[in-house]
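# Structural characterization, general
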Amino acid sequence: MHPALVQLLHLRLRGAWRRTLRGVKTPRGALLALFSVVMFCLIAGSNLSMAFLGQRTDPEQVRALTPLALLGICLVSLLSAEKAVHFTMPEVEFLFPGPFRRRELLLYKLIGSAAGAGASALFLSIVFLRWASWWIACFAGIWLALL
């Protein structure tokens, strides 16, 4: 991939982090961030404690219900998602006239989408650890389902 696209991915990540920190500077943003951190700790803490204390669900019940849940996720994803890779207007204006090949632009978008799905899968794998035998299998399954 072109070094400029790697730099752009890095700058997008840094910009998202900066936007998040800028929102925390206001009282309303700080309260929302505090509420979000407390809710994450409560959800993750309860699921992690139940997973490590041995209060897991029956594997047969999980095997029976998981295919239906994955089918539902796939159907919602197919029906609600766009049919093609979506570029924002600034990306269209600045990336397409640039010295990038089509494959590089597609790889740029796919890496960005995979990173976002990875962050979501990290949180969801902690939440669903109670129903999984291995954390890495849970993470990989959720990440691939989100992709």
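Residues numbered from 1 in each chain as written. Predicted model: local features only at pLDDT ≥ 70, side-chain atom pairs only at ≥ 80, totals over all residues. Heavy atoms only, no water.

Here we take up the nonpolar core. Residues L5, L9, F87, L95, F100, L105 and Y108 constitute the largest nonpolar core, which totals 7 residues. Where this core is concerned, the elements lending two or more residues are α1 (3–24) and α5 (102–127). With sequence-adjacent residues up to four places away left out, F100 is seen in contact with H2, A4, L5, L95 and L105. (Core = buried A, V, L, I, M, F, W, Y, C linked by side-chain atoms within 4.5 Å. Buried < 20%, exposed > 50% of the residue type's maximum accessible area, 1.4 Å probe, protein only. Helix = DSSP H or I, 4+ residues; strand = E, 2+ residues; numbered from the N terminus. Contact = heavy atoms within 4.5 Å.)

The next point concerns helix α2 (residues 27–52). Taking 1.5 Å per residue as the helical rise, α2 with its 26 residues ought to reach 38 Å, and the 37 Å between its terminal C-alpha atoms agrees with that figure. Of all the residues in α2, the buried ones are G29, A44, N47 and A51. The secondary structure elements touched by the buried residues of α2 are α1 and α5. Looking one or two residues beyond α2, the residue adopting positive phi is G54, at roughly 90 degrees. (Expected span 1.5 Å × (residues − 1).)

Next up on the list: the pattern of salt bridges. If you walk through the whole model with that rule in mind, you get 3 salt bridges. Ionic pairing is found between R12 and E91, a salt bridge with its closest N-O pair at 3.8 Å. You can see R12 sitting in helix α1 and its partner E91 sitting in helix α4 (residues 89–95), a full 79 residues away along the chain. Note that K109 and E91 form a salt bridge whose closest N and O atoms lie 3.3 Å from each other. Pair noted here: K109 is in helix α5 and E91 is in helix α4, with a separation of 18 residues, a long-range link. Through salt bridges that share partners, R12, E91 and K109 make up one connected network. (Salt bridge = Lys/Arg side-chain N within 4 Å of Asp/Glu carboxyl O.)

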